[in-house]
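# Coordinates in review
Single-letter residue listing:
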Amino acid sequence: MPAKLHTLDKVDRKLLNMLQKDNQISTRVLAEKLHISQPTCLRRIRDLREAGIISAEVAMVDPFALGYGMLAFLEISLNNQSDQHMQDFEQRMAKEAEVMQCYFVSGEYDYFLAVHVIDMDAYYQFVRRVISGSGNVRHFQSRFPMKRAKFTTRISFDEKAAEVQVRVPG
């Protein structure tokens, strides 16, 4: 489905910036800060959801705080890159709880994964079960971050421009 263009005015962009910082803020407070009525604020939030701009409203859980102390980045090359084999790989990764992110990438490797596990033994078990056991992985390389210098999920919207066109799912 082709993408459509959606216009975000200053109020929409400020609203999105505020919701990305705290989606538990009441619509009364949002409306006051945006200088709009509460029904208008609710309508704008609904419209942003329906357009697919707000795709989810979730609680961010810190995996490190829960004991998932090891993050690994995997670069993976497949033996067979047919559409069906790539779909099979992507579907398999989507089912694996340890796989936090999976990207089809350009370059030397086919896929890039971000994997969170408890420790090295859990990582070893994951690699044996999921990567080595897949039957279609030609080569993989692991990288282990030593320090997280930055992590964010926010998209920063310019609140100064009159309007900004964004692409949304069609």
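If you're wondering where the values come from, they're calculated on a predicted model, not measured in any experiment. (Residues numbered from 1 in each chain as written. Predicted model: local features only at pLDDT ≥ 70, side-chain atom pairs only at ≥ 80, totals over all residues. Heavy atoms only, no water.)

## Concerning the UniProt feature "domain: HTH asnC-type" (unreviewed entry) in the chain
- The UniProt record marks residues 8-69 with the feature "domain: HTH asnC-type" (unreviewed entry), using the residue numbering of this structure.
- What you have in residues 8-69 is 53% helix and 3% strand, and the ends, taken at the C-alpha atoms, are 39 Å apart. (UniProt positions renumbered as here; feature names shortened; annotations may be inferred. Helix = DSSP H or I, 4+ residues; strand = E, 2+ residues; numbered from the N terminus.)

## Structural notes on the pattern of salt bridges
- Scanning the model with the defined rule gives ten salt bridges in all.
- A salt bridge links Asp 12 to Arg 44, with the shortest nitrogen-to-oxygen separation between them at 2.8 Å. You can see Asp 12 sitting in helix α1 (residues 10-21) and its partner Arg 44 sitting in helix α3 (residues 38-50), a full 32 residues away along the chain. When sorted by exposure, Asp 12 lands in the same class as Arg 44, which is buried.
- Two residues, Arg 49 and Glu 57, come together in a salt bridge whose shortest N-O distance is 2.5 Å.
- Exposure remark for Arg 49: the relative accessible area of 42% places this residue in the partly exposed category. (Salt bridge = Lys/Arg side-chain N within 4 Å of Asp/Glu carboxyl O. Buried < 20%, exposed > 50% of the residue type's maximum accessible area, 1.4 Å probe, protein only.)

## Comments concerning helix α5 (residues 120-131)
- Every buried residue of α5 is listed here: Tyr 123, Phe 126, Val 127, Val 130 and Ile 131. Viewed end-on, α5 has its buried residues packed into an arc of 100°, placing them on one side of the element. Looking at α5, the residues exposed on the side facing more than 90 degrees away from the buried face are Asp 121 and Arg 128.
- Lining the buried residues of α5 we find β2 (70-78), α4 (83-95), β3 (99-104), β4 (111-117) and β5 (137-143).
- Where α5 begins, the side chain of Asp 119 points an oxygen toward the backbone nitrogen of Asp 121, at a separation of 3.3 Å. (Arc of directions from axis to C-beta. Contact = heavy atoms within 4.5 Å. Polar contact = N/O pair within 3.5 Å; in protein donor to acceptor, adjacent residues only side chain to side chain.)

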